[in-house]
Amino acid sequence: MPKLVRRTPSDLLAGLAAPVEKLLARAATVAQSHGATLWLVGGVVRDLFLGLPVERDIDLVVEGDAVALAQDLAVALAGRVVAAHDAFGTATVEINGRHIAHNARNAIFLDLAGARREIYPHPAALPVVQTASIAEDLARRDFSINAVVLELHADGSSLQPARLLDPFGGQHDLEAGVLRVLHSASFVDDPTRILRGLRLAARLDLVVEPHTETFLEQALERKLLEETSSDRIRTELCLVFDEPRPSQVLRLADRWGLTSLIFPALRWSERIEQAVVRFENEMANAAHDSTLHAQVYLGLLTYDLSTEEREILIARYRLPNESAWLLRDVGAVQTVLEQLSPTLRSSEIDTILRPFGPAALWTVSYAESSPVSAIVQRYLLELRPIALSLDGHALQRLGVLPGPQLGQLLRALRAARLDGLVTSQAEEETWVREQMRQPGAGGEA
Ligand code: CTP
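Keep in mind that this is a model prediction, so the values were computed, not measured.

Parameters and conventions
Residues numbered from 1 in each chain as written. Predicted model: local features only at pLDDT ≥ 70, side-chain atom pairs only at ≥ 80, totals over all residues. Heavy atoms only, no water. Helix = DSSP H or I, 4+ residues; strand = E, 2+ residues; numbered from the N terminus. Rg over C-alpha atoms; globule rule 2.2 N^0.38 Å. Contact = heavy atoms within 4.5 Å. Areas by Shrake-Rupley, 256 points an atom, 1.4 Å probe, with all protein chains shown as cover. Lys, Arg positive; Asp, Glu negative; His and termini not counted. Charge placed at Lys NZ, Arg CZ, Asp CG, Glu CD. Salt bridge = Lys/Arg side-chain N within 4 Å of Asp/Glu carboxyl O. Buried < 20%, exposed > 50% of the residue type's maximum accessible area, 1.4 Å probe, protein only. Core = buried A, V, L, I, M, F, W, Y, C linked by side-chain atoms within 4.5 Å. Domains from an automatic or database assignment. Near = heavy atom within 4 Å. Polar contact = N/O pair within 3.5 Å; in protein donor to acceptor, adjacent residues only side chain to side chain. 1 Å grid on protein atoms, 1.4 Å probe; cavity = no way out; pocket = protein on both sides within 12 Å on 5 of 7 lines; lining within 4 Å. Sits in = over half its atoms within 2 Å of the grid points.

Colleague: Which parts of the structure should I look at to understand the overall build of the protein?
Modeller: Helix and strand content of the protein: 23 helices and 12 strands. On C-alpha atoms alone, the protein measures out to a radius of gyration of 28 Å, which is more than a quarter above the 22 Å that the 2.2 N^0.38 rule sets for 445 residues. The C-alpha extent of the protein, read off along each of the three principal axes, is 85 × 50 × 40 Å. Sequence-distant contacts, at least 24 apart, represent 65% of the contacts inside the protein between residues at least 6 apart. Accessible area of the protein: about 21200 Å², with a carbon and sulfur share of 51%. Once the 44 positive and 58 negative side-chain charges of the protein are each reduced to a mean point, those two points are 3 Å apart.

Structural data, given as structure tokens:
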């Protein structure tokens, strides 16, 4: 159950880091000069209640013209408008981190949206948007814990405690650990809320309130997720892999009966669960680049799919190239695993595993048990990074003629290095000279 550490407007404002507070104070001043009211909403407010640092895009509701305000904010905050949709009354302003704090590296994005009501022409459709009051704006939101707003009111360069609107008891629900929709048609209007709710429930350890659970079951029975565009579902699914503990989300997805709705051949089996948990536990110490994490999760989740199922999944969700290649690589690497054995020479392991990308190999190392897992890990950590001291140019300086033989010699040299037959640049050079003395070697006379 989440623990609330801040409650009142002044408490919440105190949770903002000084540079963020300064930024929001300037934004509020510009809004005030427009005669507009600016409200902080969504995940930032939730995180402030929980005492978490604000390290995310900042969602703002504007009672006024959000697009015009975004343009003035960009000027006042030395940022730029990176998106603006007059029809939806939304705009995003990017502010370079350096304008906020000397040591800030990442840009901050302010997402502005005019206060609106949304009318859904039919289930799962994109809504028709109309300007409305902040109260109506809150009523069209997904969950009570996301329907809390904090007014940003500036006095000089600092924010002053102002109104906190929480008409649906979001603060109470957050404290009680409850996920509650605001009305019975919430999942019908926007079935992606099922996946948003899943992520929130898993992340914050929330219990689904009984009415909400009924609405959720009804939405699933009506197959509303299946009717939602696969692009929207893919976007939501990608967010799962950015969660602090994706395994919790995937486990809960299975309990909610979502796994096979997302793709009928997907199974959250005990083996996959163990592999994902192992990956999460070892992630902090593992040597892999964090940019691979989402790919490894995807690789593990889809580990048991057949080649045909992989292609159907790629097509159905129009997966980006990087993910499509990962899925294919993970399928392909599984077909060579039986060739791996602890008695192989390092160069033989290299020949078998070199064609595959690192994310696919890390996936295998977590999905398989020893000895395969140990061999793949050793390959990734010890063998793959080994680089020769000599390159093609160096070989030519030693008298090797350019052409296919040069490539063969480099591969053979790498094999010798991997197998420990040569261990230094000097030994590599000696090895090359010896090879050139062999009859038929492609060297200069
Ligand atoms: N929202 C909504 N229905 C949606 C998407 C968003 O009502 N389908 C509202 C919610 O009030 C949400 C806010 O828009 O809090 C901002 O959405 P978003 O930035 O996507 O998520 P956060 O709530 O900020 O949560 P997180 O980034 O932690 O997932």
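Colleague: Explanation requested: the pattern of salt bridges in the structure shown.
Modeller: Proximity of charged atoms lets side chains of opposite charge pair with each other. If you walk through the whole model with that rule in mind, you get 29 salt bridges. With its nearest N and O atoms 2.8 Å apart, the salt bridge here joins Glu 151 to Arg 163. Highlighted residues: Glu 151 in strand E8 (residues 149-155) and Arg 163 in the loop between strand E9 (158-160) and strand E10 (164-165), separated in sequence by 12 residues. Residue Glu 151 is classed as buried on the basis of its relative accessible area, which comes to 11%. Exposure remark for Arg 163: the relative accessible area of 43% places this residue in the partly exposed category.

Colleague: I would appreciate a short explanation of the nonpolar core in the present structure.
Modeller: The biggest cluster of nonpolar side chains holds 120 residues, and the ones touching the most others in it are Leu 24, Leu 40, Ile 58, Leu 110, Leu 112 and Leu 258. No other element matches the eight residues that helix H2 (residues 18-33) contributes to this core. Domain assignment of the residues forming this core places at least three in each of domain 1 (9-176) and domain 2 (263-334 + 359-368). Not counting chain neighbours up to four residues away, the residues in contact with Ile 58 comprise Val 20, Leu 24, Leu 40, Val 44, Ile 108, Phe 109, Leu 110 and Asp 111. By size, the runner-up hydrophobic cluster in this structure holds 12 residues, among which are Leu 390, Leu 409, Ala 416 and Val 432.

Colleague: Help me understand the site of the ligand, please; the structure alone is not making it clear to me.
Modeller: With respect to spatial proximity, 13 residues lie near the ligand, and among them Arg 46, Arg 56, Asp 142, Asp 190 and Arg 203 are the closest. Within the side chain of Asp 59, a nitrogen or oxygen atom sits 3.0 Å from an oxygen atom of the ligand. Within the side chain of Arg 141, a nitrogen or oxygen atom sits 2.9 Å from an oxygen atom of the ligand. For the ligand, the cavity whose grid points lie within 2 Å of the majority of its atoms is the largest pocket. Mapped onto the shell around the ligand, the elements with two or more residues apiece are helix H3 (43-49) and helix H8 (192-204).

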